[in-house]
Amino acid sequence: METESKIKKIEDKLNYINGIYARAGIFISIREITNIFILLVASIYLDYSKTDLKEILRKINSICNIEMSELEEIFKINELESKSNSSDIYADIMNTIISFKDIDRFAFIDYVLENRFYYETSYSLGRFSANILGQVPDAKLLDAYSGNGYFDCDYLNLNKSAKIDGYEINKHSVDVARAINYIFNTQFTFSNKGEYKNCNYTQTDFLTANLKENYYDLAFADCPIGLRYDRNNISTIGLASKFVKNNVISIPWLTALKIENCLKNNGKAVIVSSAGSLFGIVDREVRKYFVEKNLISQIIELPENINLYSRVKLYLIVIEKGKKDKNIKFSNISDFVIKERRINKINISEALDEVKNNFVEIELKEIERNDYILDVNRYINNKKIVVENGIILDNIAERIFRGYQFTASQIDEMYTTDEKEANYKILEVSNIDNLGNIDNNLKLINSGKKDLTKHLLQNDDIVLSAKGSNNKIAIIENINDDEKIIPSGSLIVIRVNKNKIIPMYLKAFLESETGQMILNSVKTGIAIPSIIPSSLMKIVVKCPSIQEQEEFVDRYIMKYELYKVTERKMNKYLKDLKALIDQI
């Protein structure tokens, strides 16, 4: 009870100080933490009836590397030793600590307030991830980028028997992690090496650290966004060279490779990742590796704005070694959030219930058919879309390809206004309106000796915008025999087998509400949603009998022609009205 009372006093005082600064709009960078913060450690579990005061200061000295003479001067050790009343000694030490003018800056405040500012795992993400890992008796847990050790407190609150190894490159963060875990976990005992019973923090680069194989039961990695690595300095990651040889793979998957080697045969890991790692082409081979080895148990989409340091959309990749089922579960907890002024928090109980009871389970074979893309919305949305008389687009297409990827400098070099000099025209997205009409103002180019024949458009080709949220769709018509039109790289061309599906019918289906949902479900990318041909060819489209298609197309053309006639009349009436107004 005495210890709890002391903790409450510290919390109340720090809350009060932080509140003053918060109301003033002052938030200090975590980088300004100083080692003096760690002096706070001793004030919480002081027991003067059993512990010699100098012994306590020696513990502080070992934790934060502050000289004993300096500590004795700060705490006025000579004056304290002359006092016999433990409450007076405690009050004097507390007054000394609270007198530090920078006490409000320390990360301890962030932890107490559950507001983990800047480059740290947020409170709700840490608690949620800890629950996803679950309780394993006497678990050995690896924290790959441990930072200030906040996640470790989260997991120890769930499982007091765990033993945690944290790896962090920043020395200040290592010091703070030792202090915070000393404060919040009473089982910690000091040893001469500066290690603790439950947590051992090592200041090093996790990616280059030498770790024990098949050692850990659990692992957690809140991967730093934008972290760069030297591909020549990751020899400790056995399989990394296989995937880094030709491409630079992302940090989450590089971390996953290292963690896989460290986990026991039934081990489990949670890795925080950005969206790009789930569908980016540079990670395709490493995703294939993890899928084919059946190491991924779940992908979870997280709510937005759960970290103050970044607005990047985050996901959890859950790795499980030794899993038997040949599926991956996909969950979206974006809506299970408690919104606050500066940061959102995961509603942990509801989110855990959602992940447990309301997921979409996808067979590994379907993941393979989707080119090892692990985007959550692709699979969740697809499961909700039912296509009557459906058929895979690739089965009715003769060819699906991307337009020619012109660079801006290439177009500048090839561009001409002379029709006689030009040997190609370029069709761009800007030439197509939202109804699929194509204007005649196509750029002329002279490609010189560059042969672009394989990219030529043909009549009845369907062209589809490959990038952006607006799906523009058009049918190529009335190309003359001597006319050569090349689609730009921002377009995808679908050339169908007209014995199986009528191009106009397919265009109409893709423009329908169901068709738009399907197209949106295969888009990847956050800033600029994009469709790639390999994903497009695997979508399911409606394909009834040719007779049904012909009947629909007849009605479609009739309605469309009526619309065009009405549009021309409206334009004429608008022109007449404007002419009348101009007579005033």
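Residues numbered from 1 in each chain as written. Predicted model: local features only at pLDDT ≥ 70, side-chain atom pairs only at ≥ 80, totals over all residues. Heavy atoms only, no water.

A.B. asks: Is there a simple way to think about the overall build of the protein in this case?
C.D. replies: Counting its secondary structure elements, the protein contains 22 helices and 21 strands. Across the 584 residues in the protein, those meeting the buried criterion constitute 49%. Here the contacts in the protein between residues at least 6 apart in sequence split such that 75% fall between residues at least 24 apart. Within the structure as shown, the protein displays about 29400 Å² of accessible surface, and the carbon and sulfur contribution to it stands at 47%. (Helix = DSSP H or I, 4+ residues; strand = E, 2+ residues; numbered from the N terminus. Buried < 20%, exposed > 50% of the residue type's maximum accessible area, 1.4 Å probe, protein only. Contact = heavy atoms within 4.5 Å. Areas by Shrake-Rupley, 256 points an atom, 1.4 Å probe, with all protein chains shown as cover.)

A.B. asks: Where do I start with unusual backbone geometry in this structure?
C.D. replies: Most peptide bonds are trans, and most residues other than glycine sit at a negative phi. Positioned with a positive phi, asparagine 305 is a non-glycine residue whose angle comes to about 60°. Structurally, the position occupied by asparagine 305 is in the loop between β6 (296-301) and β7 (314-320). Given a relative accessible area of 18%, asparagine 305 falls into the buried group. One non-glycine residue with positive phi stands out, namely aspartate 371, at about 60°. Topologically, aspartate 371 is positioned in the loop between α16 (364-369) and α17 (376-384). Aspartate 371 gets classed as buried once you look at its relative accessible area, which sits at 14%.

A.B. asks: Looking at this structure, I do not really get the environment of phenylalanine 359. What am I missing?
C.D. replies: Within the fold, phenylalanine 359 resides in the loop between α15 (348-357) and β11 (360-363). Considering only alpha carbons, one finds phenylalanine 359 and phenylalanine 330, 29 residues apart in sequence, at a separation of 5.6 Å. With residues near it in sequence (within four places) discarded, phenylalanine 359 still touches Gln298, Lys329, Phe330, Ser331 and Glu354.

A.B. asks: Would you take a moment to explain the nonpolar core for this structure?
C.D. replies: As a rule of thumb, soluble globular proteins bury nonpolar side chains together. Core analysis: the largest hydrophobic core is formed by 48 residues, its most contacted members being Phe290, Phe330 and Leu374. At seven residues, helix α12 (residues 251-262) tops the list of elements feeding residues into this core. Contact partners of phenylalanine 330, with chain neighbours within four places excluded, come to Ile299, Phe359, Val360, Ile362, Ile367, Leu374, Asp375, Val376, Tyr379 and Ile380. Listed in part, the 32 residues of the second largest apolar core include Ala466, Val496, Leu506 and Ala508. (Core = buried A, V, L, I, M, F, W, Y, C linked by side-chain atoms within 4.5 Å.)

A.B. asks: What's the story with the confidence of the model for the protein in this structure? I'm lost.
C.D. replies: Atomic detail in the predicted coordinates should be set aside for any region of low pLDDT. Confidence along the protein averages 78 in pLDDT terms, with 71% of residues attaining 70 or more. Segment residues 100-119: pLDDT under 50, and 72 contacts once partners within four positions in sequence are set aside and those in other chains are kept. Low pLDDT, under 50, characterises residues 186-196; the predicted model gives this stretch 22 contacts beyond four residues in sequence or across chains. (pLDDT = per-residue confidence, 0-100.)

A.B. asks: In this structure, what is going on with the pattern of salt bridges? I would like to understand it.
C.D. replies: When their charged atoms lie close together, side chains carrying opposite charge are able to pair. One pass over the structure, following the stated rule, counts 16 salt bridges. Close ionic contact of lysine 313 with glutamate 301 constitutes a salt bridge, the shortest N to O distance being 3.3 Å. One end of the pair, lysine 313, is in the loop between β6 and β7; the other, glutamate 301, is in strand β6, and twelve residues separate them in sequence. On the basis of relative accessible area, lysine 313 is assigned to the buried category, the value being 13%. Look at the salt bridges and you will find they share partners, linking Arg284, Glu285 and Asp371 into a network. (Salt bridge = Lys/Arg side-chain N within 4 Å of Asp/Glu carboxyl O.)

A.B. asks: When you look at the side chain of serine 465 in this model, what are you seeing that I'm missing?
C.D. replies: With respect to the helices, strands and loops of the structure, serine 465 is situated in strand β17 (residues 462-465). Of the polar contacts made by the side chain of serine 465, one reaches the backbone oxygen of asparagine 470; its length is 3.2 Å. From its side chain, serine 465 meets the backbone nitrogen of lysine 472 in a polar contact 2.9 Å long. The residues touching serine 465, leaving out its near neighbours within four places in the chain, are Val429, Asn470, Asn471, Lys472, Ser490 and Leu491. (Polar contact = N/O pair within 3.5 Å; in protein donor to acceptor, adjacent residues only side chain to side chain.)

A.B. asks: Would you mind showing me how to read the packing of helix α19 (residues 503-511) against helix α22 (residues 546-582) here?
C.D. replies: Two numbers describe a pair of packed helices, the interaxial angle and the distance between the axes. Taken N-terminus to C-terminus, the directions of α19 and α22 make an angle of 70°; their axes are 9 Å apart at the nearest point. Relative to α22, α19 is oriented roughly perpendicular. Residues Met504, Tyr505, Lys507, Ala508 and Glu511 of α19 touch α22, and the partners they reach there are Gln549, Phe552, Val553 and Tyr556. Residues belonging to the contact of α19 with α22 are distributed by class as follows: six nonpolar, one polar and two charged. (Axes fitted to C-alpha atoms, helices over the stretch in contact; angles between N-to-C directions. Parallel < 35°, antiparallel > 145°, perpendicular 65-115°, else oblique. Nonpolar A, V, L, I, M, F, W, Y, C, P; charged D, E, K, R; others polar.)

A.B. asks: Is there a simple way to explain the sheet that holds β17 in this structure?
C.D. replies: Each strand in a sheet pairs with another by means of backbone hydrogen bonds, the pair being arranged parallel or else antiparallel. What the four strands build is an open sheet, ordered β13-β20-β17-β18; its pairing is antiparallel. Each end of this open sheet is capped by a strand with a single partner; those strands are β13 (397-402) and β18 (473-475). Pairs of neighbouring strands in the sheet enclose a mean axial angle of 20°, with direction left out of account. Helix-sheet contacts for α19 involve β17, β18 and β20 (491-496), and the interaxial angle to β18 is about 170°. (Pairing = 2+ DSSP bridges.)

A.B. asks: Explanation requested: helix α8 (residues 123-133) in the structure shown.
C.D. replies: One full turn of an α-helix is made of 3.6 residues, so residues set three or four places apart face in the same direction. Burial analysis of α8 places nine of its eleven residues in the buried class, the great majority of the element. Those residues of α8 that fall on the buried side of the exposure criterion are Tyr123, Ser124, Leu125, Gly126, Phe128, Ser129, Ala130, Ile132 and Leu133. Positive backbone phi, at 80°, marks glycine 134, one or two positions downstream of α8.

A.B. asks: Explain the layout of surface pockets here, please?
C.D. replies: The rolling of a water-molecule-sized probe over the atoms marks out the regions of remaining empty space. The space that makes up the second largest pocket amounts to roughly 630 Å³. Lining the second largest pocket are 26 residues, with Gly436, Ile438, Ile475, Glu477 and Asn478 sitting closest to its centre. The set of elements that each furnish at least two residues to the lining of the second largest pocket consists of β15 (424-427), α19 and α22. Ranked by the residues each element gives to the lining of the second largest pocket, the list is headed by α22, at six residues. A per-class count over the lining of the second largest pocket returns 13 nonpolar, five polar and eight charged. (1 Å grid on protein atoms, 1.4 Å probe; cavity = no way out; pocket = protein on both sides within 12 Å on 5 of 7 lines; lining within 4 Å. Points joined across faces, edges and corners; volume = space filled by probe spheres on them.)

A.B. asks: When you look at a negative patch on the surface in this model, what are you seeing that I'm missing?
C.D. replies: Taken together, Glu388, Glu548, Glu550, Glu551 and Asp554 make up a surface patch of like negative charges. Checked against the element boundaries, aspartate 554 lands in helix α22. According to the relative accessible area criterion, aspartate 554 is exposed, its value standing at 53%. (Patch = residues over 30% accessible without salt bridge, like charges linked within 9 Å, V, L, I, M, F, W, Y side chains within 5 Å. Lys, Arg positive; Asp, Glu negative; His and termini not counted. Charge placed at Lys NZ, Arg CZ, Asp CG, Glu CD.)

A.B. asks: Could you clarify how one ought to interpret a nonpolar patch on the surface in this entry?
C.D. replies: Judged by side-chain polarity, Leu574, Leu577, Leu580, Ile581 and Ile584 come together as a nonpolar surface patch covering roughly 580 Å² of accessible area. Relative to the assigned elements, leucine 574 resides in helix α22.

A.B. asks: What should I look at first to understand helix α14 (residues 284-292) in this one?
C.D. replies: Listed as buried for α14 are Val286, Arg287, Tyr289, Phe290 and Val291. Downstream of α14 by one or two residues, asparagine 294 has phi in the positive range, about 55°.

A.B. asks: Would you explain the sheet that holds β6 in this entry?
C.D. replies: Pairing within the open sheet is mixed, and its nine strands lie in the order β3-β2-β1-β4-β5-β7-β6-β8-β11. Only two strands of the sheet have a single neighbouring strand rather than two, namely β3 (199-203) and β11. The sheet shows a mean angle of 15° between the axes of neighbouring strands, direction not considered. Sheet contacts for helix α9 (residues 150-158): β1 (140-143), β2 (163-168), β3 and β4 (216-222); angle to β1, the most-contacted strand, approximately 155°.

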